[in-house]
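Below are the chains, spelled out letter by letter.
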Amino acid sequence: VASAEDFASCGVSMAARTGAADFLSFGSESGDLKLLERQAALYEAETPEVSARIREGLKRGLSWPRAREEAFLHPVPVSPNDILACEYLRAIKSHGSSMLPVPVERNDGGYHSSGRKGSFASATAIRKALAENDLDFLTEVVPEAFFSCLKLESCPQVTADDFSMILNEKLLTLPLCELISGMPEDLARKLHKNRLSFASFSERTASSKDRQYTYARVSRCLLNTVLGITREETERFKALDSAPWLRILGFRRDALPLLSEIKKHSTVPMITKTADAAALLSGPSLELFYKHLQCAELYRLAAELKTGRPMKNEFTRSPVII
């Protein structure tokens, strides 16, 4: 539910805090580090004049990425992974990290492509194949360990619409002031005004997007509402450098030496058993960790209601070892 800037900042912070990361590799449409560095530098140079041109572009009906591209009067990337790549470069700089960036050129059909190119496919295509249980497609594009992991631990696919009931209940019962705590005020007022018109998550997103707020931005705001994530909590997380702990979800057996290195050099607690969190964290870090678990349990709620099958909760789930 984070913007590209916040998502990248958190990822870089976590990698840096392991104390064992020398390189940061990420996908990119261009794969050209020099080009990405020049484009990232443009983001750092947003002046009042550029901001004014962005606002003008939004008034003309442009999406925010396109308005920013025009405002800089330069070929700023609008493809999603190049935008994220630029944010990774900015985050490495802002965190003062010595990690070396290594962009990898994407060889799939594109961010939103529903097909595959050889053994490469976008996340969009993989989610589609999962929904259709297309095992032939999945066998070609995901690692073999993917299937063994699913045998070890069920992980049903859910979509935004599986949270429609929760979203409608939140919009119906939350006072406007609480809605505003998780999204821009004008968007909150629009949603609050239409709270009695029940709709699916995707329908609500489509009807709320406009020239100022893209479909993705509205979707993130609505998911914040479902999960109860406020701006205050987001700022507290950022104040902790977006990485107050490292949680091990799974690993390869042959990576045990790496885990040992991380345990030796990590600058934040490393959590393998959820029950140990109370002894390893305190204050805002512990509160945010419990919020993290609460969000995970909402996923489990939606998944169990959708499939009718029980799943392990966050206190009984163990790291996956392959």
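See the structure printed just above.
Residues numbered from 1 in each chain as written. Predicted model: local features only at pLDDT ≥ 70, side-chain atom pairs only at ≥ 80, totals over all residues. Heavy atoms only, no water.

Description of the overall build of the protein
Link 1 in the chain: When helices and strands are tallied, the protein shows 17 helices and eight strands.
Link 2 in the chain: At 21 Å, the protein has a C-alpha radius of gyration in line with the 20 Å of a compact globule built from 322 residues.
Link 3 in the chain: Each principal axis of the C-alpha distribution contributes one length, and for the protein these read about 55 × 50 × 50 Å.
Link 4 in the chain: Buried positions account for 38% of the 322 residues belonging to the protein.
Link 5 in the chain: Sequence-distant contacts, at least 24 apart, represent 66% of the contacts inside the protein between residues at least 6 apart.
Link 6 in the chain: Of the side-chain charges in the protein, 42 are positive and 41 negative, and the distance between the mean point of each set is 2 Å. (Helix = DSSP H or I, 4+ residues; strand = E, 2+ residues; numbered from the N terminus. Rg over C-alpha atoms; globule rule 2.2 N^0.38 Å. Buried < 20%, exposed > 50% of the residue type's maximum accessible area, 1.4 Å probe, protein only. Contact = heavy atoms within 4.5 Å. Lys, Arg positive; Asp, Glu negative; His and termini not counted. Charge placed at Lys NZ, Arg CZ, Asp CG, Glu CD.)

Overview of the packing of helix 2 (residues 33–44) against helix 5 (residues 80–94)
Link 1 in the chain: Their axes nearest at 9 Å, the elements helix 2 and helix 5 cross at an angle of 75 degrees. What the angle tells us is that helix 2 and helix 5 run roughly perpendicular. Residues Leu33, Leu36, Glu37, Gln39, Ala40, Tyr43 and Glu44 of helix 2 lie in contact with helix 5, whose contacting residues are Asp82, Ile83, Ala85, Cys86, Glu87, Leu89 and Arg90. (Axes fitted to C-alpha atoms, helices over the stretch in contact; angles between N-to-C directions. Parallel < 35°, antiparallel > 145°, perpendicular 65-115°, else oblique.)

Comments concerning the environment of Glu44
Link 1 in the chain: Position of Glu44 among the secondary structure elements: in helix 2.
Link 2 in the chain: On the basis of relative accessibility, which here comes to 43%, the residue Glu44 falls in the partly exposed class.
Link 3 in the chain: Taking the C-alpha atoms as reference points, Glu44 and Arg90, 46 residues apart in sequence, are found 8.1 Å from one another.
Link 4 in the chain: A polar contact of 3.1 Å, which involves the side chain of Glu44, links it to the side chain of Arg90. (Polar contact = N/O pair within 3.5 Å; in protein donor to acceptor, adjacent residues only side chain to side chain.)

Quick word on the packing of aromatic side chains
Pairs of aromatic rings are described using the distance from one ring centre to the other and the angle between the two planes.
Link 1 in the chain: By the definition in use, this model includes five aromatic pairs.
Link 2 in the chain: Ring centres of Phe237 and Trp245 lie 6.3 Å apart, and the angle between their planes is 65 degrees; this geometry places the pair in the edge-to-face category.
Link 3 in the chain: Ring centres 5.0 Å apart and planes at 85 degrees place the aromatic pair Trp245 and Phe289 in the edge-to-face group. Separated by 44 residues along the polypeptide, Trp245 in the loop between helix 14 (231–239) and strand 5 (246–247) and Phe289 in helix 17 (residues 283–307) bring together distant segments of the chain.
Link 4 in the chain: Overall, the relative accessible area of 10% leaves Trp245 in the buried class.
Link 5 in the chain: An aromatic cluster is present here, built from Phe237, Trp245, Phe289 and Tyr290 joined pairwise through their rings. (Phe/Tyr/Trp six-rings, centres within 6.5 Å; stacked < 30°, edge-to-face > 60°.)

Considering the nonpolar core
When a protein is soluble and globular, its nonpolar side chains tend to lie buried together.
Link 1 in the chain: Residues Val12, Leu24, Phe26, Leu36, Ile54 and Tyr88 are the most contacted members of the largest nonpolar core, which totals 25 residues.
Link 2 in the chain: For this core, the elements supplying multiple residues, two or more each, are helix 1 (4–17), strand 1 (23–28), helix 2, helix 3 (48–59), helix 4 (64–72) and helix 5.
Link 3 in the chain: The biggest single contributor to this core is helix 5, with eight residues.
Link 4 in the chain: Excluding its chain neighbours within four sequence positions, the residues that come into contact with Val12 are Leu24, Tyr88, Ala91, Ile92, His95 and Met99.
Link 5 in the chain: Leu171, Leu179, Val218 and Leu222 belong to the second-largest nonpolar core, a separate cluster that totals 23 residues. (Core = buried A, V, L, I, M, F, W, Y, C linked by side-chain atoms within 4.5 Å.)

Some points on the side chain of Ser266
Link 1 in the chain: Looking at the secondary structure, you find Ser266 in the loop between helix 15 (256–265) and strand 7 (270–271).
Link 2 in the chain: Here the side chain of Ser266 touches Arg17 through a polar contact of 3.3 Å, landing on its backbone oxygen.
Link 3 in the chain: Setting aside chain neighbours within four positions, we find Ser266 in contact with Arg17, Thr18 and Leu246.

Re a nonpolar patch on the surface
Link 1 in the chain: Together, Phe23, Leu100, Val102 and Val104 give the surface a local cluster of nonpolar side chains, amounting to about 350 Å² of exposed area.
Link 2 in the chain: Residue Leu100 is classed as partly exposed on the basis of its relative accessible area, which comes to 47%. (Patch = residues over 30% accessible without salt bridge, like charges linked within 9 Å, V, L, I, M, F, W, Y side chains within 5 Å. Areas by Shrake-Rupley, 256 points an atom, 1.4 Å probe, with all protein chains shown as cover. Salt bridge = Lys/Arg side-chain N within 4 Å of Asp/Glu carboxyl O.)

Examining unusual backbone geometry
Link 1 in the chain: One non-glycine residue with positive phi stands out, namely Asn133, at about 55 degrees.
Link 2 in the chain: Note that Asn133 resides in the loop between helix 6 (123–131) and helix 7 (135–141).
Link 3 in the chain: In this structure, Ser242 takes a positive phi of about 60 degrees despite not being glycine.
Link 4 in the chain: Note that Ser242 resides in the loop between helix 14 and strand 5.

Some words on helix 2
Link 1 in the chain: For helix 2, which comprises twelve residues, the first-to-last C-alpha distance of 17 Å matches the rise-based estimate of 16 Å (1.5 Å per residue) to within 8%.
Link 2 in the chain: For helix 2, every residue scored as buried is listed here: Leu36, Gln39, Ala40, Leu42 and Tyr43. Looking straight down helix 2, one finds that the buried residues subtend no more than 150 degrees of arc, so they occupy a single side. Exposed positions of helix 2 whose direction lies more than 90 degrees from the buried face are Lys34 and Arg38.
Link 3 in the chain: Two to three positions downstream of the cap, the backbone nitrogen of Lys34 sits 3.1 Å from a side-chain oxygen, assigning the N-cap of helix 2 to Asp32. (Expected span 1.5 Å × (residues − 1). Arc of directions from axis to C-beta.)

Some remarks on the pattern of salt bridges
Link 1 in the chain: Scanning the entire structure with this criterion turns up 17 salt bridges.
Link 2 in the chain: In this structure, the salt-bridge partner of Lys238 is Asp6, at a minimum N-O distance of 3.2 Å. Here Lys238 is found in helix 14, whereas its partner Asp6 is found in helix 1, with 232 residues between them in sequence.
Link 3 in the chain: Residue Lys238 is classed as partly exposed on the basis of its relative accessible area of 34%.
Link 4 in the chain: Relative accessible area serves as the criterion here: at 24%, Asp6 is assigned to the partly exposed category.

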